[in-house]
Amino acid sequence: MALAPSIPPMTSRHATLEDLVSLLQAQHTQKIDLPVEASQMRAVNTQLELRNTPPIISAAGVTPSAGTYRPTGVFDQGLADKLGIPPAYLRKMREEKPRLYDANVNGWLEDDPRRFLVRCLGDGSSPGVARALLSDSYKIIDNLDVLTATLSGIREAGVETVFDGCDLTERRMYVRVVCEQVAVAAPELLRNYRSPFTGASGADNPVVFAGFVITNSETGCGAFTITPRLVVQVCRNGMTINADAERRVHLGARLEDSAVRWSEETQRRNLELITSRTRDVVTSFLDGDYVRAKLDQMAGAARTEIRHPDRTIQVVAKQLNFTPEQQQMILNHFIKGADPTAGGLMHAVTSAAQTLPDGDDAHELERQALKAMQLAAGA
C-alpha cells in the first residue's frame, strides 16, 4: 500500500545538519500524537485503523486523525509488547497470514481497558504512518526540540564545533559533534595505523579530537542521551565513551484525553533543560584533560598485539553479537588498517561502522568498539 505522497521520508543516513533540520521540520508539521483507548484501534489488512479519534488542531488548520496508517517495524514491536504477542510471530503473520494478524491483534484489543499513546505521521489523507505505540505516561521530547536546544547549548558554551554527520532512523536521531580546537596527540594509539579509506598514516596524523554524540528517540527506543566521543583525525573514526553518557528517560505525567499538544510552558522547560545539559556537557567533554585521561585509560589494552586476527575477531564477534557480515567487514578493515594490535581492532570496528547503511546498526557497532578492544586484549 503506497503512502500519501506528502508524507516526508522517515530516515536519512550521513545527513548534513541542514538536511536533518529540513527533514525534521517536514515531519513536525505532520505529527499526529494521540492518547487512544484500545477500543479505538483496529487492525484492517495489517494496517492500523483509528476510529472516533479527535482532529488535530494546529496553526496549519484542522487535520482529521481517524483513518488508516501503515505500521512501521517499531510500531509492530510496541504492539507485540503491549499485547503479549511474540514479535517474531507477529512479523510472520504480517508477511504470511494477514487475516491471522488482524484476528490476533483485534482479539487482544477487544476487551483491553488500557489507553496508549499512538504516534503517527499524516496530513489527513490515507494512509499515514503509524510510528509507535507507547505508554500513555511517555513524555515526548521531540527531535526538533532536542536539536534546537543542543544548538543553543553549544552557542552558550562559546565553543567552536562542527557537525560530523547526522542520522535519522525510525528508532532514533543521531547528531555527531566535533570540536577540532580540542586536539590531543595520540602517537601510541595511532603510530601503526593506516586509514582503510585513504591509506593515510596515523603516525603522520596522530591527533584525536574531542566531541560528543546526541541521541534521541521519539518512538520509545531509548532515552535522550549525550555521550562523549573521540574522533581520530586520519580517518574520522569515532569512539564513544559510554560509561560517561548522560541520559534522560521519556517518562512523565499521564496524558490528557485530547490530542497531545504540550503547553508552551512545558515545551519551554524541556528546551531549557536540554540546553543547560548540553552546555554542561560541552564544558565537561570538550576538554583536553578529559581526552588525555580517556586515551591514557585505553593505552594498556590498545598496545596488546593480536597474533591470530581471525580467531580473535571471531571470539570478539561472538561475545558482542556481531553478525557474520559485520565480522568479515571488521576483519577486512583490520587488514587494511595494518595495525596488529587490540587498538587496531578498535579502529577496524569504528571504520567499519562508518560504512554500514543503517544508522542504528552503525551507532551500535561504534558503541561496542572500546569493549571490542578490551576483549581482544584479553583473548
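For the structure itself, consult the block above.
Residues numbered from 1 in each chain as written. Predicted model: local features only at pLDDT ≥ 70, side-chain atom pairs only at ≥ 80, totals over all residues. Heavy atoms only, no water.

## Comments concerning the packing of helix α8 (residues 288-302) against helix α11 (residues 342-355)
Formally: Note on definitions: angles span 0 to 180 degrees between N-to-C directions of axes, and those axes are lines fitted to C-alpha atoms, for helices only across the stretch in contact. Strands here are runs of E lasting at least two residues and helices are runs of H or I lasting at least four, both read from the DSSP assignment and numbered beginning at the N terminus. An angle below 35 degrees is treated as roughly parallel, one above 145 as roughly antiparallel, one from 65 to 115 as roughly perpendicular, and anything else as oblique. Contact definition: two residues touch when any of their heavy atoms are within 4.5 Å. By the convention adopted, Pro, Cys, Tyr, Trp, Phe, Met, Ile, Leu, Val and Ala count as nonpolar, Lys, Arg, Asp and Glu as charged, and the other residues, Gly among them, as polar.
Remark: α8 packs on α11, axes separated minimally by 7 Å, with the N-to-C direction vectors making an angle of 115 degrees. As the angle between them shows, α8 and α11 are arranged roughly perpendicular. Where α8 approaches α11, its residues M298, A301 and A302 are matched on the opposing element by A342, G343 and M346. A class-by-class count of the residues in the contact of α8 with α11 yields five nonpolar, one polar and no charged.

## Focus on the nonpolar core
Threshold: The nonpolar core is taken to be a set of buried Ala, Val, Leu, Ile, Met, Phe, Trp, Tyr and Cys residues, with the residues joined through side-chain atoms within 4.5 Å. Working definition: with a 1.4 Å probe on protein chains only, accessible area under 20% of the residue-type maximum means buried, over 50% means exposed, and in between means partly exposed.
Among the nonpolar cores identified, the biggest contains 70 residues, and F212, L295, M298, I330 and L345 are the most heavily contacted of them. Counting residues per element, this core draws most heavily on α11, which supplies seven residues. With near-sequence residues (within four places) excluded, M298 lies in contact with L230, M239, I241, M346, L370 and M373. Of all hydrophobic cores here, the second largest spans 25 residues; its members include A38, I56, L79 and V118.

## Regarding the sheet that holds strand β4 (residues 47-50)
This is how it is decided: Two strands pair under a simple rule: DSSP has to find at least two bridges between them.
Across the sheet, which stays open at both edges, the six strands sit in the order β2-β8-β9-β7-β4-β3 with mixed pairing between neighbours. One side of each edge strand has no neighbouring strand; the edge strands of this open sheet are β2 (31-37) and β3 (41-44). The mean angle between the axes of side-by-side strands here comes to 40 degrees, regardless of whether they run parallel or antiparallel. Pairing of strand β7 (residues 67-71) with strand β9 (residues 128-135), which is carried by three bridges, proceeds in the parallel orientation. Opposite R70, over in β9, you have V129 as the bridge partner. In the packing of helix α2 (residues 73-83) onto the sheet, the strands contacted are β3, β4, β7, β8 (115-121) and β9, and the crossing angle to β9 comes to about 35 degrees.

## A short note on the side chain of T150
Note on placement: T150 falls in helix α5 (residues 143-157). Among residues more than four places away in sequence, those in contact with T150 are I214, I274 and T278.

## Description of the packing of aromatic side chains
As a reminder of what qualifies: Working definition: rings of Phe, Tyr and Trp (its six-membered ring) pair if their centres are within 6.5 Å, and the pair is stacked with planes under 30 degrees apart, edge-to-face with planes over 60 apart, and tilted otherwise.
This model, assessed by the stated rule, comprises one aromatic pair. Ring geometry for F285 versus Y290: centroids 5.3 Å apart, planes at 35 degrees, classification tilted. A relative accessible area of 14% places Y290 in the buried class.

## Quick notes on the packing of α2 against helix α3 (residues 87-96)
Keep this limit in mind: It is the rotation of the near helix from the far one that decides the hand of a crossing: anticlockwise by less than a right angle makes it left-handed, clockwise makes it right-handed.
Their axes nearest at 9 Å, the elements α2 and α3 cross at an angle of 125 degrees. Our classification of the angle between α2 and α3 gives oblique. Considering only the axes of α2 and α3, their crossing is right-handed. In contact with D76, Q77, L79 and A80 of α2, α3 contributes P87, L90 and R94.

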